[in-house]
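A structural walkthrough
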Amino acid sequence: MNSYGSFPGARPRRLRTTPALRRMVAETRLHPADLILPAFVREGITEPVPIEAMPGVVQHTRDTLRKAAVEALEAGVSGIMLFGVPEDAKKDAAGTAGTDPDGILQVAIRDVRAEVGDDLVIMSDLCLDEYTDHGHCGVLDADGRVDNDATLERYAEMAQVQADAGVHVVGPSGMMDGQVGVVRDALDTIGKEDVAILAYTAKYSSAFYGPFREAVGSSLKGDRKTYQQDPANLRESMRELALDLEEGADMVMVKPAGPYLDVLAQVAASVHVPVAAYQISGEYAMVEAAAEKGWIDRDKAILETLTGIRRAGAQMILTYWATEAAQKLGRAV
C-alpha cells in the first residue's frame, strides 16, 4: 500500500502496456517448428476433393499432397502426418489395403519422401479403420467385437510396410492393448530401429471426431467406446502412459487437445519424452463455422487455441492449420 492508502502498489498491468512489452514477457511462445500437418490422400481421384465439414481441408491427390508437403516445409512446419483413403472397393474385413506395399498410404509415403527427403518429418497413421469395410480400428471376432490380439498382428504388418516405404515416425492410433510393444518389435525385426513411434497414449472416445470420418470416408457404424478412452477418466490415461513408455514409445500424444488440456498438462508434467497433442477435426470445424458466421475473429482464435495447447505442455501440435499458422508466425518474427 502506498502513502495514499487507496491505490495498489503491485501493478501487473505495467507489463501489458505495449505489444513489444507483452511479447518480451510472454511465457509461452508458438513457433512453426511446433506444428505438424495432418493430411489426407485419396486413391483414384484426379483433383482434390473438399471436405465439407472441414472448410479449407481436402482429400489430396498424390500430386497435390507432394505440393502440400513442400508448402509445409517452406513455412517451417516440422512434420506431416499422412492418412490414406482407399477406394471403397478395396476395403475388406481385415483392412488388407493397409498392408499392401502398393496401398495408397504406402505410395503416398514414398511420394512425400522422394519430394522432401529428411527435411520434413514424415509420419503415418498406423490404424485399420480407413481400410476396413466395417470401419473399426481392428479386425472383428465371430461376435463382431474388435479382437485385440489379432489386430496387433495386423498392426505389426502395417508398421513394416510403412517403414519400408520410408516413413520416419509411425503413429499407432487404434488404442489396442500392447500396440506400442508389438510395433516396436515388428520394426526392429526388419532392421528399422531408427523408425520412431508416436504413441496415441490418451485417445478419447470423442464427439469431436465427426468431420474426420468424412475426411477418411469411414464405414463405421456404431462407436469405438470399447477401445478408445472414456472422456470421464484421467487416471486411466496415466496408466496408458506408463504402459506405452514401458513398451518403448519415443513420443506420446493426447487426442483430442482442447477438451483434454488437463490430461495434457498432467502427461507433460510426468514424462521426459516429447509430448504431442492433436487438435482434431471437430475443434477445427467449430472455429471455422463460428468464424464463417462472423461470431469470432478467425485468425486470433486459431492462434489462441494453439497457444493454449502449447501452454498446457504440448511440444508438438497436430493441427489442420499448421501451414497457415506457421506462415503467420513466420511473418510475425
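The structure contained in this document is the topic of the report that follows.

**Let's talk about helix H3 (residues 104-116)**
- The end-to-end C-alpha distance of H3 is 18 Å, a good match for the 18 Å that 13 residues give at a rise of 1.5 Å each.
- Looking only at H3, the buried set comprises Ile104, Leu105, Gln106, Val107, Ala108, Ile109, Asp111, Val112 and Val116.
- Tucked inside the fold, the buried residues of H3 contact strand S1 (35-42), helix H2 (62-75), strand S4 (79-85), strand S5 (121-126) and helix H4 (148-165).

**Considerations on the pairing of strand S9 (residues 275-278)**
- Neither face of S9 is open: one carries Val275 and Ala277, the other Ala276 and Tyr278, and all of them are buried.
- Relative to S9, strand S8 (residues 251-255) runs parallel, the two sharing three bridges. Within S9, the position partnered with Val252 by the bridge is Val275.
- Assessed by its sense of winding, the connection that carries the chain from S8 through helix H8 (residues 261-270) to S9 is right-handed.

**Things to note about the nonpolar core**
- Counting 95 residues, the largest nonpolar core has Ile80, Leu82 and Tyr155 as the members making the most contacts within it.
- Once residues within four sequence positions are removed from consideration, Leu82 is found in contact with Ala39, Leu65, Leu105, Ala108, Ile109, Val112, Ile122, Met123, Ser124 and Asp125.

**Observations regarding the environment of Glu157**
- The topology assignment puts Glu157 in helix H4.
- For Glu157, a relative accessible area of 36% puts it in the partly exposed group.
- Taking the C-alpha atoms as reference points, Glu157 and Leu30, separated by 127 residues in sequence, lie 37 Å from one another.

**What about the packing of aromatic side chains?**
- Summed over all chains, the structure comprises six aromatic pairs.
- Each ring, one from Phe40 and one from Phe83, has its centre 5.5 Å from the other, and the planes form 40°; the classification is tilted. In this pair, Phe40 sits in strand S1 while Phe83 sits in strand S4, placing the two residues 43 residues apart along the sequence.
- For Phe40, a relative accessible area of 0% translates into the label buried.

**What about unusual backbone geometry?**
- In the segment running from Lys255 into Pro256, the intervening peptide bond is cis, with an omega of -5°.
- Its place among the elements puts Pro256 in the loop between S8 and H8.
- With a phi angle near 60°, Met175 is a residue other than glycine that sits in the positive phi range.
- As for its position among the elements, Met175 is in the loop between strand S6 (169-172) and helix H5 (179-189).

About the thresholds
- Think of each chain on its own: its residues are numbered from 1, step by step along the sequence as written.
- Residue-level local features of this predicted model are given only where pLDDT is at least 70; pairs of side-chain atoms are given and counted only at 80 or more, and the full residue set underlies all totals for whole chains, interfaces and linings.
- Heavy atoms from the whole structure form the basis of all side-chain values; hydrogens and water molecules are not counted.
- The numbering of helices and of strands both runs from the N terminus, where a helix is a DSSP run of H or I of at least 4 residues and a strand a run of E of at least 2.
- What a helix is expected to span follows from its residue count: subtract one and scale by 1.5 Å.
- The rule is simple: take the accessible area with a 1.4 Å probe, protein chains only, and divide by the maximum for that residue type; under 20% is buried, over 50% is exposed, in between is partly exposed.
- Throughout, a contact is declared for two residues whenever any of their heavy atoms are within 4.5 Å.
- For two strands to pair, DSSP has to find at least two bridges joining them.
- A right-handed crossover is one whose linking path, passing over the helix from the first strand to the second, runs clockwise when the strands point away from the viewer.
- Think of a nonpolar core as a cluster: buried Ala, Val, Leu, Ile, Met, Phe, Trp, Tyr and Cys residues, connected wherever their side-chain atoms sit within 4.5 Å.
- What counts as a ring pair is set by centres within 6.5 Å for rings of Phe, Tyr and Trp (its six-membered ring), and what kind of pair is set by the plane angle: stacked under 30 degrees, edge-to-face over 60, tilted for all other angles.

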